[in-house]
Amino acid sequence: MRAGLRRDDPAALIDPPRLPRPLPKALTESQVDALLAAPAVDTPEGLRDRAMLELMYAAGLRVSELVNLPANAVNLRRGWSGCWARAARSGWYRLARSRSTGSSATSTKVRPQLAGGKPVPADAQGNVPLFLTAQRHAPTRQAYWQALKRHAAVAGIDPRRVTPHGVRHSFATHLLNHGADLRALQLLLGHASLSTTQIYTLVAREHLQRLHARHHPRG
């Protein structure tokens, strides 16, 4: 057809090959622990970064949701965080609780962000950002990305393997590995369709295969 020898395309009705969907790259639980402990809490920036990391991993937030989170979306007394990813749908997330004390471990990191400080101007929607830079503005997605790379290096993790979306993937993967329901995970991630969430079942299946190989007598 390209050479002009025929008018119809003999390949027009042939389905193109489907490319495999890349699996989300999740951190291990020990890597997440090291990453959360990397920011120094003796500086305002370190305290902010620790709180942002804790909240992102506790709630599986997108980076855009995290940096734009308004202060009035967090209820530390009740242990809830609310995010508005899209105008048509809101999401509410339970903050992580400490295994030892039963109190909200994430709340203890976020609480200093709400204590005192100079007045912060509200945005066009009347919201005051929860997380602030030294210039008293909400951090940008790019700035948070760079901070995440720095903390990954401190934690001994290859910075090339750590992205904000990777922390969200880790949240979803670890929940599935510990027995979370796929439909509940869909709600927590804010996916409109369950098919989007089902890619995590492949990650969980790989985990089960490794578990079987490591513990089965004939693995």
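Residues numbered from 1 in each chain as written. Predicted model: local features only at pLDDT ≥ 70, side-chain atom pairs only at ≥ 80, totals over all residues. Heavy atoms only, no water.

*Asks:* What should I look at first to understand the overall build of the protein in this one?
*Replies:* Of regular secondary structure, the protein possesses nine helices and three strands. Each helix and strand of the protein, placed in order from N terminus to C terminus, yields the pattern α-α-α-β-β-β-α-α-α-α-α-α. Considering the protein as a whole, with its 219 residues, one finds that 37% of them fall into the buried category. Of all intrachain contacts in the protein linking residues separated by at least 6 positions in sequence, the fraction that spans at least 24 positions is 51%. (Helix = DSSP H or I, 4+ residues; strand = E, 2+ residues; numbered from the N terminus. Buried < 20%, exposed > 50% of the residue type's maximum accessible area, 1.4 Å probe, protein only. Contact = heavy atoms within 4.5 Å.)

*Asks:* What is the right way to look at the confidence of the model for the protein in this model?
*Replies:* Interpretation of this model should avoid reading the predicted coordinates in detail wherever pLDDT is low. Averaged over all residues, the pLDDT of the protein equals 76, while 70% of them reach at least 70. Averaged pLDDT values for the elements of the protein fall to 46 in strand β2 (residues 80–86) and rise to 94 in helix α5 (residues 141–154). Here residues 84–90 is modelled with pLDDT under 50, and outside its nearest four sequence neighbours on either side it reaches twelve contacts, counting other chains as well. (pLDDT = per-residue confidence, 0-100.)

*Asks:* Looking at this structure, I do not really get the environment of Thr-43. What am I missing?
*Replies:* Within the fold, Thr-43 resides in the loop between α1 (29–37) and α2 (44–59). Exposure remark for Thr-43: the relative accessible area of 33% places this residue in the partly exposed category.

*Asks:* What's the story with α5 in this structure? I'm lost.
*Replies:* One turn of an α-helix holds 3.6 residues; hence residues three or four places apart share an orientation. Look at α5: 20 Å from first C-alpha to last across 14 residues, which is about the 20 Å you get at 1.5 Å a residue. By the burial criterion, the buried members of α5 are Tyr-144, Ala-147, Leu-148, Lys-149, His-151 and Ala-152. Of the surrounding secondary structure, the elements contacted by the buried residues of α5 are α1, α2, α3 (63–67) and α6 (164–177). (Expected span 1.5 Å × (residues − 1).)

*Asks:* Would you mind showing me how to read α1 here?
*Replies:* Burial in α1 covers these residues: Val-32, Leu-35 and Leu-36. Along the long axis of α1, the arc covered by the buried residues comes to 95°, so they all point the same way. In this structure, α1 carries Ser-30 and Asp-33 as exposed residues pointing more than 90 degrees from its buried face. (Arc of directions from axis to C-beta.)

*Asks:* Would you mind showing me how to read the pattern of salt bridges here?
*Replies:* Once the charged atoms of two side chains with opposite charge are near each other, the side chains can pair. In the structure shown here, the tally under the stated rule is four salt bridges. The shortest N-O distance in the salt bridge between Asp-158 and Arg-160 comes to 3.0 Å. Here Asp-158 falls in the partly exposed class, since its relative accessible area comes to 30%. (Salt bridge = Lys/Arg side-chain N within 4 Å of Asp/Glu carboxyl O.)

*Asks:* Sorry if this is basic, but what is going on with the nonpolar core here?
*Replies:* Generally speaking, soluble globular proteins have nonpolar side chains that are buried together. Membership of the largest hydrophobic core comes to 24 residues, with the highest contact counts inside it found for Leu-35, Leu-55, Leu-66, Phe-131, Tyr-144, Leu-148 and Val-162. Listing elements by their share of this core, those giving two or more residues are α1, α2, α3 and α5. In terms of residue count, α2 provides more of this core than any other element does, six residues in total. Grouped together as the second largest cluster of nonpolar side chains are eight residues, Leu-176, Leu-182, Leu-185 and Tyr-200 included. (Core = buried A, V, L, I, M, F, W, Y, C linked by side-chain atoms within 4.5 Å.)

*Asks:* What is the right way to look at the packing of α6 against helix α7 (residues 182–189) in this model?
*Replies:* Each pair of packed helices gets described by two things: the angle between the helix axes and the distance between those axes. Two numbers describe how α6 lies on α7: the axes approach to 10 Å, and their chain directions differ by 160°. What the angle tells us is that α6 and α7 run roughly antiparallel. Considering the relative orientation of α6 and α7, their crossing is right-handed. Contact residues: α6 offers Arg-168, Phe-171, Ala-172, Leu-175 and Leu-176, while α7 offers Leu-182, Leu-185, Leu-188 and Leu-189. Each residue belonging to the contact of α6 with α7 can be placed in one class, and the counts come to eight nonpolar, no polar and one charged. (Axes fitted to C-alpha atoms, helices over the stretch in contact; angles between N-to-C directions. Parallel < 35°, antiparallel > 145°, perpendicular 65-115°, else oblique. Left-handed = near helix turned anticlockwise from the far one by under 90°. Nonpolar A, V, L, I, M, F, W, Y, C, P; charged D, E, K, R; others polar.)

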